[in-house]
Amino acid sequence: AQSVTQLDSQVPVFEEAPVELRCNYSSSVSVYLFWYVQYPNQGLQLLLKYLSGSTLVKGINGFEAEFNKSQTSFHLRKPSVHISDTAEYFCVVGRGSYIPTFGRGTSLIVHP
Amino acid sequence: GAVVSQHPSWVICKSGTSVKIECRSLDFQATTMFWYRQFPKQSLMLMATSNEGSKATYEQGVEKDKFLINHASLTLSTLTVTSAHPEDSSFYICSAQRGGDTEAFFGQGTRLTVV
């Protein structure tokens, strides 16, 4: 079985400040890791994914994440956030035939 | 590429009626489609997984007679909420995956309100 823990339900931050959204996972097998963003009343958009190879993954909109196998983490970071980054962010674990497990989500709130 | 279209984007229906939601992969063949339900301020809950041409696999606690899923072709899956009740009001999202892919692509979601 696999599980995903997003440690923060809400992260408030000021515009142009850096941000880190935390994600830890547990699995008995190798996994694939994803971060998705959801804007209000919309579907999900893929930010980035880790399948294998380099542990630092760069995604869209200036986001990046680092896979840390020893700490079973896949934290999402952005060096300078914008108001438009305000949204819900989901960490997702998948494996093999990709049966995804979603974290509970982190609401990023960017203040001017 | 890899666009998933979900229709309708929102629907209001009366209690007791049935509602059908469509999920289409526009530019690829989806061997597997997933249906999720999302309550306000909560994560996505996987309802069922469907493979083209076979019966859907429902997650524990999801009533398969109430939430009918049909994956009749490689580009279309439908979710029918039968005899809808106000507690079925929710945001429903589908996703589609190509065979052998490690990523699923999401539709834009359907907001269902049962009055």
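Description of the structure in this document. Along every chain, residues carry numbers that run from 1 in the direction the sequence is written. Working convention: letters from A go to chains and numbers from 1 go to ligands, in the order in which they are written. Whole-chain, interface and lining totals are the exception, using all residues; otherwise, since this is a predicted model, local features are given only for residues with pLDDT of at least 70 and side-chain atom pairs are given and counted only at 80 or more. To get the side-chain values, all heavy atoms of the structure are used, and hydrogens and water are removed first.

## Some points on the overall build of chain B
Where helices and strands are cited, they refer to DSSP runs of H or I of at least four residues and of E of at least two residues respectively, numbered from the N terminus. Helix and strand content of chain B: 0 helices and 11 strands. Reading the secondary structure of chain B in the N-to-C direction produces β-β-β-β-β-β-β-β-β-β-β. Throughout, the radius of gyration refers to the C-alpha atoms, and the reference size of a globule is 2.2 Å times the residue count to the power 0.38. Compactness check: chain B gives a C-alpha radius of gyration of 13 Å against a globular reference of 13 Å for 115 residues, within 12% of the reference. Per-residue accessibility, obtained with a 1.4 Å probe over protein chains only, is compared with the maximum for each type, and a residue is labelled buried under 20%, exposed over 50%, and partly exposed between these values. For chain B, buried positions account for 51% of its 115 residues.

## With respect to the sheet that holds strand E1 (residues 4–7) of chain B
Within a sheet, each strand pairs with its neighbour through backbone hydrogen bonds, oriented either parallel or antiparallel. Residues and elements named next belong to chain B. Reading across from one edge, E1-E3-E8-E7 is the order of the 4 strands in this open sheet, with antiparallel pairing throughout. Edge positions in the sheet fall to E1 and strand E7 (67–73), since each has one partner strand and no second. If you compare each strand with its neighbour and ignore which way they point, the axes differ by 15 degrees on average. Two strands qualify as a pair provided that DSSP identifies no fewer than 2 bridges between them. For E7 and strand E8 (residues 76–81), the ladder comprises 5 bridges, and the chain directions are antiparallel. The partner of Ser-73 across the bridge, within E8, is Leu-76. Convention adopted: a line fitted to C-alpha atoms gives each axis, helices being fitted over their contacting stretch, and angles between N-to-C directions are expressed from 0 to 180 degrees.

## Points about the interface of chain B and chain A
A common way to report how large an interface is uses the accessible area buried once the components associate. In what follows, a contact means two residues having at least one pair of non-hydrogen atoms within 4.5 Å. Facing 17 residues of chain B, the contacting portion of chain A comprises 18 residues. Summed over both sides, the interface between chain B and chain A buries roughly 1,400 Å², with carbon and sulfur atoms accounting for 57% of that surface. When the buried area of chain B at its contact with chain A is split by residue, B:Thr102, B:Glu103 and B:Phe106 rank highest and sum to 38% of it. One side-chain nitrogen of Lys or Arg within 4 Å of one carboxyl oxygen of Asp or Glu is enough to make a salt bridge. Joining chain B to chain A, the criterion identifies 0 salt bridges. Residues adjacent in sequence count toward polar contacts only when both atoms are side-chain atoms; beyond that, a polar contact is any pair of N or O atoms within 3.5 Å, and within protein one must be able to donate a hydrogen and the other to accept it. Linking chain B to chain A there are 4 residue pairs in polar contact (both at pLDDT 80 or more). At the level of elements, strand E4 (32–38) and strand E9 (90–97) of chain B are the ones that each hand at least two residues to the side of chain B that touches chain A. When two parts are brought into contact, each loses some accessible area as probed by a 1.4 Å sphere; the total of that loss over both is the buried area.

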